[in-house]
Amino acid sequence: MKNVLIFLFILILAPLSANAQFPDNENDIRWSLYKNGPVKDKRGRSGVYLPTAFISDAGLTFQSCISMSLPYAIVAEEKNTIDEDLLNLRKDEPMVISVADLAPGEYEIRITIDDIVYAGTFDVK
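Residues numbered from 1 in each chain as written. Predicted model: local features only at pLDDT ≥ 70, side-chain atom pairs only at ≥ 80, totals over all residues. Heavy atoms only, no water.

Draft legend 1. Geometry of the sheet that holds strand β7 (residues 105–113). In spatial order, the strands read β1-β8-β7-β4-β5; together these 5 strands make up an open sheet with antiparallel pairing. Edge positions in the open sheet fall to β1 (32–33) and β5 (81–89), since each of these has one partner strand only. As paired elements, β7 and strand β8 (residues 116–124) share 9 bridges and run antiparallel to each other. Bridge assignment links T112 to a residue of β8, and that residue is V117. (Pairing = 2+ DSSP bridges. Helix = DSSP H or I, 4+ residues; strand = E, 2+ residues; numbered from the N terminus.)

Set out below in structure tokens:
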């Protein structure tokens, strides 16, 4: 009976965690809506897939469970845009953006999906 309850609990939580971004360690980037986000509409935001991202010695690494192209911007603490371009992610293939030229400090990465901006912070050491 206990195993059945655990199985049911996992089944209930599985859809909730499919799109969620929970960092595994301090180098992972946790996405949030930039500022207050969009005005809520009837469609909601279901079905939005956010790529996973983390910072490492190799750079800022992105990976997605679906192929997608999305604009990004790297912003410094002073709110100056350092870099902006287009991420062309292929399903399950990591993509690295070099951050070797960035001075040590805290930065924000912003991605845009369907006119909604998501932001996450990362540190360069």
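Draft legend 2. Summary view of the packing of aromatic side chains. What the rule picks out here adds up to 1 aromatic pair. Ring centres 5.9 Å apart and planes at 25 degrees place the aromatic pair Y107 and F122 in the stacked group. Of this pair, Y107 sits in strand β7 while F122 sits in strand β8, and the two are 15 residues apart along the sequence. Each member of the pair Y107 and F122 is classed as buried. (Phe/Tyr/Trp six-rings, centres within 6.5 Å; stacked < 30°, edge-to-face > 60°. Buried < 20%, exposed > 50% of the residue type's maximum accessible area, 1.4 Å probe, protein only.)

Draft legend 3. Quick peek at the pairing of β7. Note: strand β4 (residues 68–76) against β7, 5 bridges, orientation antiparallel. If you follow V75 over to β7, its bridge partner there is E108.

Draft legend 4. Representation of unusual backbone geometry. Despite not being glycine, K79 shows a phi value in the positive range, around 70 degrees. Position of K79 relative to the elements: it lies in the loop between β4 and β5. Despite not being glycine, D114 has its phi angle at roughly 50 degrees, a positive value. Within the fold, D114 resides in the loop between β7 and β8. The exposure class of D114 is exposed, given its relative accessible area of 66%.

Draft legend 5. Just the environment of V124, in detail. When you line up the elements, V124 lands in strand β8. With 21 residues separating them along the chain, V124 and A103 place their C-alpha atoms 7.1 Å apart.

Draft legend 6. Fine view of the sheet that holds strand β6 (residues 95–97). Pairing in this open sheet of 3 strands is antiparallel, and the strands run β2-β3-β6 from one edge to the other. Both edges of this open sheet fall to β2 (52–56) and β6, since each of them pairs with a single strand only. Pairs of neighbouring strands in the sheet enclose a mean axial angle of 25 degrees, with direction left out of account. In the sheet, strand β3 (residues 59–63) pairs with β6 via 3 bridges, with the strands oriented antiparallel. Paired with T61 across the bridge in β6 is V96. (Axes fitted to C-alpha atoms, helices over the stretch in contact; angles between N-to-C directions.)

From the geometry alone we can't say anything about function, so treat these as descriptive.
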